[in-house]
Amino acid sequence: MAITCIITGASRGIGKGAALALGELGANVIINYNKNKAMAEAVAREVISLGGKAEIFGADVSDFSACQKMVEFAIEKFGSVDALVNNAGISPMQNPFDMTDKEEWDKVFAVNVFGTFNCTKAVLPHMISIKRGSIVNLSSVWGIVGGSCEAVYSSSKAAVIGFTKAMAKELAPSRIRVNALAPGMIDTDMNSHLGKDDIEEIKNEIPLGRIGTITDMGNIIAFLCSDESGYITGEIIKADGGWC
Ligand code: NAP
């Protein structure tokens, strides 16, 4: 039976990679976006061309009632939600902590942390009622090792790790698995501020000699969503080519 999966922030980047990998498995995918509707529609067409089913849904994950509406929409369209990928995230400009302001901290936490809480809380009554589910949260290597001039982003991603581990324990009796992916440097818009030389320098630090792709990440997310990973919960999977 095809699984149904909500992926937040799937209009581009890692979320798109996850949508395509799940499309290849024949999944029903809800492609969430915030601003880029046309890109979400293009991802939906690709998912369908790969053999999956897709619907798009615009919602700002920092808005709890919008997340509830997204879950209701998914159940209405596909009858169930088996997996949730909390992927939507933002990364502020790199700055020393004393040059960051509260408005920026609030914005980063509203999406990266409270967005993850909101979607999880919205989907839980349904997953608990069907006694199954897989939740995949996007952390980052910076949430594990900390990044200089990235204190706000790093701490938001560390919060995602704490949430993942706690929820894995809390939800295991309901047969709901909760894991996180902690990517290293992935080729997406989030890193578009980096110049060619910066990328080369980073590549030289990565033992596998390349930065990651959205396909690399999508395959791991699809595995974590599927029953193939049925005995894995509470794990933080670092995927960084050996970098950190
Ligand atoms: P990206 O290319 O910048 O794409 C961000 C996605 O999130 C877009 O689909 C965007 O939607 C969506 N989004 C942003 N704010 C949102 C909101 N408030 N509500 C709903 N959707 C929202 O990012 P990415 O590189 O793919 O990153 C995806 C996740 O992986 C993030 O959580 C990020 O922190 C994490 N990560 C990335 C890297 C990396 O190197 N790229 C490394 C470690 C972790 P619109 O297109 O509609 O704006």
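As the structure is a prediction and not an experimental result, all values here were calculated from the model.

Asks: Outline the side chain of Asn 28, listing residues and values.
Replies: Structurally, Asn 28 can be placed in strand E2 (residues 28-33). A relative accessible area of 8% means that Asn 28 is categorised as buried. In this structure the side chain of Asn 28 is engaged in a polar contact, spanning 3.0 Å, whose partner is the side chain of Thr 4. With residues near it in sequence (within four places) discarded, Asn 28 still touches Ala 2, Ile 3, Thr 4, Cys 5, Lys 53 and Phe 78.

Asks: Any chance you could break down the packing of helix H3 (residues 64-78) against helix H5 (residues 114-130) for me, citing the residues and the numbers?
Replies: Following both chains from N to C, one finds H3 and H5 inclined at 40°, their axes separated by 8 Å at the closest point. As far as their axial angle goes, H5 and H3 are oblique. The element H3 and its partner H5 pack so that their crossing is right-handed. Of the residues in H5, those touching H3 at Phe 64, Cys 67, Gln 68, Met 70, Val 71 and Ile 75 are Asn 118, Cys 119, Lys 121, Ala 122, Val 123 and His 126. For the contact of H3 with H5, the class distribution of residues is eight nonpolar, three polar and one charged.

Asks: Give a description of the nonpolar core that names residues and reports values.
Replies: Counting residues in each nonpolar core, the largest one holds 32 residues, and the members touching the most others are Ile 7, Ile 31 and Ile 221. Counting only elements with at least two residues in this core, the list comes to strand E1 (4-7), helix H1 (13-24), E2, helix H2 (37-49), strand E3 (53-58), strand E4 (83-86), strand E5 (133-138) and helix H9 (214-225). Not counting residues up to four positions away in its chain, the partners in contact with Ile 7 are Gly 15, Ala 18, Ala 19, Leu 22, Val 29, Ile 30, Ile 31, Asn 32, Val 85 and Asn 87. Formed by 27 residues, the second largest nonpolar core is a distinct cluster that contains Val 71, Leu 84, Val 123 and Ala 168.

Asks: So what about the packing of aromatic side chains? Which residues, and what values?
Replies: Under the criterion given, the structure shown has five aromatic pairs. Residues Phe 97 and Trp 105 carry aromatic rings whose centres are separated by 5.3 Å and whose planes lie at 15° to one another, so their mutual orientation is stacked. When its relative accessible area of 31% is taken as the criterion, Trp 105 is described as partly exposed. Relative to Phe 163, the ring of Phe 117 has its centre 4.6 Å away and its plane inclined at 40°; by these criteria the two rings are tilted. Of this pair, Phe 117 sits in helix H5 while Phe 163 sits in helix H7 (residues 151-171), placing them 46 residues apart in sequence. Of the residues examined, Phe 117 reaches a relative accessible area of 34% and is grouped as partly exposed. Three or more aromatic residues joined by ring pairs form one cluster here, namely Phe 114, Phe 117 and Phe 163.

Definitions and cut-offs
Going along each chain's sequence as written, the residues are numbered from 1 onward. Note on the predicted model: pLDDT of at least 70 is required for a residue's local features to be given, and 80 or more for side-chain atom pairs to be given and counted; whole-chain, interface and lining totals, by contrast, use all residues. Each side-chain value is worked out from all heavy atoms of the structure, with water and hydrogens disregarded. Helix numbering and strand numbering both begin at the N terminus, where a helix is a DSSP run of H or I of at least 4 residues and a strand a DSSP run of E of at least 2. Type-normalised accessible area, obtained with a 1.4 Å probe on protein chains alone, sets the label of each residue: buried when under 20%, exposed when over 50%, and partly exposed for intermediate values. Whenever two N or O atoms come within 3.5 Å, that pair is a polar contact, provided that in protein one can donate a hydrogen and the other can accept it, and provided that, for residues adjacent in sequence, both atoms are side-chain atoms. Contacts were defined at the residue level, with two residues in contact if any of their heavy atoms lie within 4.5 Å. The angle between two axes is taken between their N-to-C directions and runs from 0 to 180 degrees, where each axis is a line fitted to C-alpha atoms and a helix contributes only its stretch in contact. Here is the rule for angles: anything less than 35 degrees is roughly parallel, anything more than 145 is roughly antiparallel, 65 through 115 is roughly perpendicular, and the remaining ranges are oblique. In a left-handed crossing the near helix is turned counterclockwise from the far helix by less than a right angle, and in a right-handed crossing that turn is clockwise. Any residue that is not Ala, Val, Leu, Ile, Met, Phe, Trp, Tyr, Cys, Pro, Asp, Glu, Lys or Arg is counted as polar, Gly included; the first ten are nonpolar and the last four charged. Joining through side-chain atoms within 4.5 Å is the link that ties buried Ala, Val, Leu, Ile, Met, Phe, Trp, Tyr and Cys residues into a set, and such a set is a nonpolar core. The aromatic pairing rule takes the rings of Phe, Tyr and Trp, using the six-membered ring of Trp, and pairs them if the centres are within 6.5 Å, calling planes under 30 degrees apart stacked, those over 60 edge-to-face and the rest tilted.

Purely spatial values, then, with no claim about function.
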